[in-house]
Amino acid sequence: MKTVLITGTSSGYGRATARYFHEQGWNVIATMRTPRPGVLPESDRLRVLELDVTRPETIEGALEAAGPVDVLVNNAGIPSIGVFEGTPMARVREVFETNTFGVMATTQAVLPQFRERGSGVVVNVTSSVVLGHMPLTAVYKASKTAIEGFTASLALELAAFGVQAKTVEPGACLTTNFGETALDGDSLEEAVPEPYLPWAEKVMNGFMNQDLFTKESDVAETVWRAVHDTTGQLRFPAGPDAISLAQAK
């Protein structure tokens, strides 16, 4: 029976992915910054562990507690919506600490066991923002585009050892707390400098009224497909809007 370790499973895509792998009969190590009871089903094949990707000691502790894993899914991330001019550099660094450096740190921690075993898969969950020109996402897109480049090069480094690295690119989902979290609790009026506000409101209205959206299940199923793919495909758009963007490139 194979084991997957997934970061950021307290909600959204991570929680859906943990449930999906569990339903397929896998052992699941579901990690969260702050473990909470009742988020995932109770099962002898599902363990919840603390892991904050910005704290190396929790990465080390979670991997030690988990034992050997076959797949790492780097799902943990924080969103960011806003105009770059009005984004404090402290917020920029916070986004990169989780979305970029946190993914790299967790990946680096798991690679020795994959390399020594001669097998393993790293799936890095990025975003469909890397597929098109998305306004109000300069910082978020930069953090996710960095992981796209990182994964492409990493895959080449690991291939000789039988280890794979891939990205899953979810589209926009209305059932996650992306928007609320991305604005850091502020309203759009509070988050965006006044000169940009009319344009930003128009952008947000267009986003909310688009025809295609992604479901959490789309992402879970795409992560599963990426883990099992043997064709050498590197990038996997997830959800109809992400697929449409990928096809338009």
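Heads up: the structure comes first, above all this text.
Residues numbered from 1 in each chain as written. Predicted model: local features only at pLDDT ≥ 70, side-chain atom pairs only at ≥ 80, totals over all residues. Heavy atoms only, no water.

(A) Local environment of the side chain of Thr107. Of note, Thr107 is situated in helix H3 (residues 89-117). Residue class for Thr107 comes out buried when judged on its relative accessible area of 0%. Reaching out from Thr107, the side chain makes a polar contact with the side chain of Asn74 at a distance of 2.9 Å. Setting aside its immediate chain neighbours within four residues, Thr107 contacts Leu72, Asn74, Val122, Asn124, Phe150 and Leu154. (Helix = DSSP H or I, 4+ residues; strand = E, 2+ residues; numbered from the N terminus. Buried < 20%, exposed > 50% of the residue type's maximum accessible area, 1.4 Å probe, protein only. Polar contact = N/O pair within 3.5 Å; in protein donor to acceptor, adjacent residues only side chain to side chain. Contact = heavy atoms within 4.5 Å.)

(B) Representation of the packing of aromatic side chains in the model. Within the structure shown, the criterion is met by five aromatic pairs. Ring plane angle 75° and centroid distance 5.9 Å describe the contact between Tyr20 and Trp224, whose orientation is recorded as edge-to-face. Note that Tyr20 is positioned in helix H1 (residues 12-23) and Trp224 in helix H8 (residues 216-228), a separation of 204 residues in sequence. Judged by centre distance (5.7 Å) and plane angle (65°), the rings of Trp26 and Trp224 are edge-to-face. (Phe/Tyr/Trp six-rings, centres within 6.5 Å; stacked < 30°, edge-to-face > 60°.)

Coordinates in, geometry out; function isn't part of it.
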